[in-house]
Amino acid sequence: MPRCSHPTHAPRPFPTLCHLHHHRVTDQAFVTLAADDVYCQGALVLGQSLRNHKTSRKLAVLVTPEVSSGMRSVLSSVFDEVIEVDVLDSADSVHLALMQRPELGVTFTKLHCWTLTHYSKCVFMDADTLVLCNVDELFDREEFSAAPDSGWPDCFNSGVFVFRPSLRTYNLLLRFAAEHGSFDGGDQGLLNSFFSNWATADIGKHLPFLYNLSSSSVYTYVPAFNHFGRDAKVVHFLGATKPWNYKYNLQTRRVMQDGTTSGSFHQLSFLALWWNIYSASILPLLEKHQKMEDSESEECKHAFNGVEVTLKKISPCVPSSLPMPELPEQTNEVNPTACSPEELAFKAWLYFSNLCMKSNQEILMSISLSLTDLQNNRYLNLCFRKPQK
Ligand code: UDP
Ligand code: GLC
Ligand code: MN
C-alpha cells in the first residue's frame, strides 16, 4: 500500500508550530457532492478519511432533494454541514454518450459549490475520492487549481480543485453553460472551457498528480507508479465502476475480484482501503441509524378489502386494549363493511403477521392497528399483543 510521506517524522525545531497546525480554520472547507443515496456512501468514506487524517478545515456536503432524510442525518454525523441544492443537469445526452457516462449530466450540480460564500476558500472533492493523508496544504493554492486529467493532460480533472466561493463566478459559470454548454456534457468540460488558461498561465495552479491519482491510470504507467506512487495523497476512483459496486467479504476483509480489477494489485489495495473505512466507520453509522428509524413509530398503510388499514408500530410497553383473538388456520374473505370491528381487526392482524413473515422482519411485541373504514367514515384504533410462543 502506497503511503504518504509523513512530515511528522522530521524533527520539529519549533514546537509551537504544532499548535498552529491543529488550529481550526472555520472559514475554509472541503466540499463534496452527493446527488443520490448511492453516492452518499462515497461522500461518507471521503469525509471519514479527511477526519481520520485530522483536517483542520470544515467539511461540507451538497445534497440534492433526492437524498433521503435518513442519509442526510448520517451525513451530518461526519460532515459539519449538509446543504441542499437544486439539481443542475446539462441534459446533454449527445456529449455524455461520447464518454459512455449518461449519468454525468447531474455533475453540473457541482457548480453550486461557488455559492458557499460563508467560506473564503474551499477544496472540492468528488464523492469517489479518498484522502491517504492530511492534505490541508491544498488551501495554500489559489483558484483555480487542479491536477491534470490522465486522459487528456492539457485538461484538468475536476474531481479535486481549489476555488473561491463567489456568486459572481457562479452566475458567470451558469451563463457560460447556457451559452456554450460543455464539451463532455459534464462539469469537467465546462470548467476547462471556463478556466481555459489553466494549461498555460500559472504552473502554481497545477496540482501534483498525487492529489488526484486516478486509480485506473495506475496500471497504464506502472513504472511511474512504482517510483512515485508511495507519495500518493488522494485516490480518485474515476470511471463507471465505483468502490461501492464491488463485493467485499467482511470476514476476510477482501474485495472480491472480477474481470475489471484483475492484474491491478494497486487498484485492489486502494479498493481495500476504501472498504476498510466503509466497514469500520460507515457501516456502523448506517446500522445505528437504521435501528433508530425502526424503533421510531412508523406507519404503513394498506388497502384491506376496501378498507384502508394503517399499521403503526408502537413500543412494546404500550398496554394492549383487547386480548389477542384465537387464530384459525385460514379465513374467508369478508366484506369489511359487513363485518364487525373485531373481525376486521382480526383480518388486519392476520395480514400484518403475514407481512412480517414475508418480509422476514422481527414480529413486534405489540402491534397497534388503526383501521379506517373509508366507506362509513368509522375510525377504529385497536391494540393487540402478539401471542406468546
Ligand atoms: N455524482 C453524484 N451522482 C451521480 C453522478 C455523479 O452524486 O449519479 C457526483 C459525485 O460527487 C461524483 C461526481 O458527481 O463523484 C462526479 O461523478 P463521477 O465521480 O461519477 O465521475 P468520474 O469521476 O467517474 O468521471
Ligand atoms: C470527469 C471527472 C468528474 C466529472 C466528470 C464529468 O471524469 O472525474 O469529476 O464530474 O468527468 O465532467
Ligand atoms: Mn469522480
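Quick caveat: nothing in here was measured; it's all calculated off a predicted structure. All residue numbers refer to positions counted from 1 along the written sequence of the respective chain. Chains and ligands are labelled sequentially in the order written, the chains with letters from A and the ligands with numbers from 1. It should be noted that, the model being predicted, local features are given only for residues of pLDDT at least 70 and side-chain atom pairs only at 80 or more, the latter also being counted only at that level, while totals for whole chains, interfaces and linings use all residues. Water and hydrogen atoms play no part in the side-chain values, which are based on all heavy atoms of the structure.

Could you give an account of the overall build of the protein chain, with specific residues and numbers?
In this description a helix means any DSSP run of H or I spanning at least four residues, a strand means any run of E spanning at least two, and both kinds are numbered starting from the N terminus. Helix and strand counts for the protein chain stand at nine helices and 15 strands. By the burial criterion, 46% of the 389 residues in the protein chain qualify as buried. By definition, residues are in contact when any of their heavy atoms lie within 4.5 Å. For the protein chain, long-range pairs separated by at least 24 residues make up 67% of all intrachain contacts whose partners lie at least 6 apart in sequence. When the accessible surface of the protein chain is split by element, carbon and sulfur atoms take 55% of a total near 20400 Å². In this scheme, a residue with accessible area under 20% of its type's maximum is buried, one over 50% is exposed, and one in between is partly exposed, where area comes from a 1.4 Å probe on protein chains only. Residue exposure ignores everything except the shown protein chains as possible cover, and the areas themselves are Shrake-Rupley values with a 1.4 Å probe.

Would you mind going over the site of ligand 1 in detail, with residue names and values included?
In these notes, residues near a molecule or strand are those with any non-hydrogen atom within 4 Å of it. The full set close to ligand 1 counts 16 residues, and Leu-33, Ala-35, Tyr-39, Gly-239 and Lys-242 are the nearest of them. Identification of polar contacts relies on pairs of N or O atoms within 3.5 Å, with a donor-acceptor requirement for protein atoms, meaning one able to donate a hydrogen and the other able to accept it, and with residues adjacent in sequence counted only if both atoms are side-chain atoms. Taking Leu-33, its main chain carries an N or O atom lying 2.7 Å from an oxygen atom of ligand 1. Lys-242 is positioned such that a nitrogen or oxygen atom in its side chain is 2.7 Å from an oxygen atom of ligand 1. In isolation ligand 1 offers 510 Å² of accessible surface; the protein chains occlude 91% of this area. For this classification, Asp, Glu, Lys and Arg are treated as charged, while Ala, Val, Leu, Ile, Met, Phe, Trp, Tyr, Cys and Pro are nonpolar and the rest, including Gly, are polar. Along the lines of polarity and charge, the residues of the shell around ligand 1 split into eight nonpolar, three polar and five charged.

An account of the coordination of the manganese ion (ligand 3) is requested, with residue identities and associated values reported.
At 2.2 to 2.3 Å from the manganese ion (ligand 3) lie its protein donor atoms, namely Asp-126 (OD), Asp-128 (OD), Asp-128 (OD) and His-236 (NE2). Metal-centred angles of 56 to 171° between the six donor atoms at the manganese ion (ligand 3) mark the site as irregular. Metal coordination here is assigned from N, O and S atoms located within 2.8 Å of the ion, or within 3.2 Å for Na, K and Ca; omission of water means that sites may look incomplete. Counting the intervening residues between successive donors of the manganese ion (ligand 3) yields the motif D-x1-D-x107-H. As far as burial versus exposure is concerned, Asp-126 and Asp-128 are alike and both buried. Sites are called tetrahedral only when four donors show all angles between 85 and 135 degrees, square planar or octahedral only when four or six donors show opposite pairs over 155 degrees and all other angles between 65 and 115, and irregular in any remaining case.

Go over the site of ligand 2, please, and point to the residues and values.
Taken together, 13 residues form the shell around ligand 2, and within it Lys-110, Asp-126, Asp-184, Asp-187 and Gln-188 come nearest. Within the side chain of Asn-157, one N or O atom sits 3.1 Å away from an oxygen atom of ligand 2. Within the backbone of Gln-188, an N or O atom sits 2.9 Å from an oxygen atom of ligand 2. The protein chains hide 90% of the 310 Å² of surface that ligand 2 would expose on its own. The residue makeup of the shell around ligand 2, split by class, is two nonpolar, seven polar and four charged.

Lay out helix H6 (residues 187-194) in plain terms, naming residues and giving numbers.
Note on helix geometry: an α-helix contains 3.6 residues per turn, so any two residues three or four positions apart are oriented the same way. Most of H6 sits out of view: six of its eight residues are buried. For H6, the complete set of buried residues consists of Asp-187, Gln-188, Gly-189, Leu-190, Leu-191 and Asn-192.

Any details on unusual backbone geometry? Residues and values, ideally.
For the bond from Glu-143 to Phe-144, the omega torsion is -5°, close enough to zero to count as cis. Counting through the fold element by element, Phe-144 comes out in the loop between strand S5 (129-131) and strand S6 (145-148). The phi torsion at Lys-54 lies on the positive side, around 55°, for a residue other than glycine. A positive phi is found at Gln-100, a non-glycine position, where the angle reads about 55°. Here Gln-100 is to be found in the loop between helix H4 (93-99) and strand S4 (121-125). The class of Gln-100 is exposed, set by a relative accessible area of 67%.

Account for the packing of helix H5 (residues 167-180) against H6, with residues named and values stated.
Between two packed helices, what matters for the description is the angle formed by their axes and the separation of those axes. To get an axis, fit a line to the C-alpha atoms, keeping to the stretch in contact for a helix; angles then go from 0 to 180 degrees between the N-to-C directions. Running from N to C, H5 and H6 cross one another at 110°; their axes reach a closest spacing of 11 Å. Taken together, the axes of H5 and H6 lie roughly perpendicular to each other. Of the residues in H6, those in contact with Thr-169, Leu-172, Leu-173, Phe-176 and Ala-177 of H5 are Leu-190, Leu-191, Ser-193 and Phe-194. A breakdown of the residues in the contact of H5 with H6 according to their chemical character gives seven nonpolar, two polar and no charged. The labels follow the angle: roughly parallel below 35 degrees, roughly antiparallel above 145, roughly perpendicular from 65 to 115, and oblique for the rest.

Mind laying out the pairing of strand S2 (residues 57-63), listing which residues take part and the relevant values?
Taking burial as the measure, the seven residues of S2 include six buried ones, the bulk of the element. Two strands qualify as a pair provided DSSP detects at least 2 bridges between them. Where strand S1 (residues 25-34) meets S2, seven bridges bridge the pair, whose relative direction is parallel. Counterpart to Val-25 in the pairing with S2 is Arg-57. Crossover handedness is defined by viewing with both strands directed away from the observer: a clockwise path from the first strand over the helix to the second marks the crossover as right-handed. Taking the sense of rotation as the criterion, the β-α-β connection linking S1, helix H2 (residues 37-52) and S2 turns out right-handed. Pairing of S2 with strand S3 (residues 81-84), which is carried by four bridges, proceeds in the parallel orientation. Bridging from a neighbouring strand, Val-63 pairs with Glu-84 of S3. Each parallel crossover has a hand, and the one from S2 via helix H3 (residues 69-75) to S3 is right-handed.

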